[in-house]
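# Inside the fold
Here's the letter readout for the chains.
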Amino acid sequence: MKRAVLAVMLVLLVAGTAAAKDYEVTKKAGDYTVVVKIDRNPPITGDNNLSALIKDATGAEVKDAKVAVEYTMAAMPGMPAVKVKTDAVLKGSEYKAKINFSMPGGWGVAVRITRGGKAVQAKFSVDVR
Ligand SMILES: [Cu+2]
């Protein structure tokens, strides 16, 4: 019986390790679908690499947009609100940016897409370790 429990725990452990990959979230921004990945899961205090794949309403990859990432933390006791904006650069079919979370806790992240004179954004929040 003990051995069975151990076997189940081992399977869960292996499954958990296999699942420990990039943080990933898919959001809508206007007509676009944005798949955002962060190379640390959960995201960490300090540098994280973010990439965003953007598809239009027809499912085609969008490679001619101006993309920026804005990340914010609300004010807390002894700390004013933090807001950082950085441009994302197209590499291959993904827009990439390095984002630096200055402290652990809840951060809001917005991927801002400007194309054809129209700006939209995909927003999500992360719990930074
Ligand atoms: Cu803070």
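My aim in this report is to walk through the structure given alongside it, one point at a time. Once a new chain begins, its residue numbering starts again from 1 and follows that chain's sequence as written. Predicted model: local features are reported for residues with pLDDT of at least 70 only, side-chain atom pairs are reported and counted for 80 or more only, and whole-chain, interface and lining totals are derived from all residues.

## Here we look at the overall build of the chain
Here is the rule we go by: Secondary structure is summarised from DSSP: a helix means a run of H or I of at least four residues, a strand means a run of E of at least two, and numbering begins at the N terminus for each. To assign burial, the other C-beta atoms lying within 10 Å of each residue's own C-beta are counted, with C-beta atoms placed from the backbone; 20 or more indicates buried, 12 or fewer indicates exposed, and intermediate counts indicate partly exposed. Placing C-beta atoms from the backbone, we regard two residues as in contact once those atoms come within 7 Å.
On a plain count of helices and strands, the chain comes out with one helix and eight strands. For the chain, the α and β elements follow one another from N to C terminus as α-β-β-β-β-β-β-β-β. Taken across its 129 residues, the chain has 19% of its residues classed as buried. Of all intrachain contacts in the chain linking residues separated by at least 6 positions in sequence, the fraction that spans at least 24 positions is 50%.

## Some points on the environment of alanine 60
With respect to the element layout, alanine 60 can be found in the loop between β3 (46-55) and β4 (66-73). Under the C-beta neighbour-count criterion, alanine 60 is labelled exposed, with 9 such atoms within 10 Å. Considered as a pair, alanine 60 and tyrosine 32 are 28 residues apart in the sequence and their alpha carbons are 9.7 Å apart.

## Looking at the pairing of strand β2 (residues 32-38)
Two faces belong to every sheet, and in a regular strand the side chains alternate between them. For clarity, the cut-off: One requirement defines pairing of two strands: DSSP has to find at least two bridges between them.
Only one face of β2 is buried: it carries Tyr32, Val34, Val36 and Ile38, and the other face, with Thr33, Val35 and Lys37, is open. The pairing of strand β1 (residues 23-29) with β2 spans seven bridges and is classified as antiparallel. Across the sheet, residue glutamate 24 finds its bridge partner in β2, namely lysine 37.

## Some words on the nonpolar core
Heads up, the condition is: A set of buried residues drawn from Ala, Val, Leu, Ile, Met, Phe, Trp, Tyr and Cys, joined through C-beta atoms within 7 Å, is what defines a nonpolar core.
Of all hydrophobic cores here, the largest spans 23 residues; its most connected members are Val34, Ala52, Ile54, Val67, Val69, Trp107 and Val111. Counting residues per element, the ones that place at least two in this core are β2, β3, β4, β6 (94-101), β7 (105-115) and β8 (118-128). Those residues in contact with valine 67 that sit more than four places away from it in its chain are Ala52, Ala88, Tyr95, Val111, Arg112 and Ile113.

## A few points about the environment of proline 104
Along the chain, proline 104 falls in the loop between β6 and β7. The spacing of proline 104 and isoleucine 44 is 60 residues in sequence and 7.1 Å in space, taken between C-alpha atoms. Setting aside anything within four residues of it in sequence, one finds proline 104 in contact with Thr45, Val128 and Arg129.

## Structural notes on the environment of leucine 50
Locating leucine 50 in the fold gives a position in strand β3. For leucine 50, a count of 24 C-beta atoms within 10 Å translates into the label buried. Taking C-alpha positions, leucine 50 is 7.0 Å from valine 36, a pair spaced 14 residues apart along the chain. The contact partners of leucine 50, leaving out residues within four places of it in the chain, are Val36, Ile38, Val69, Lys96, Ala97 and Ile99.

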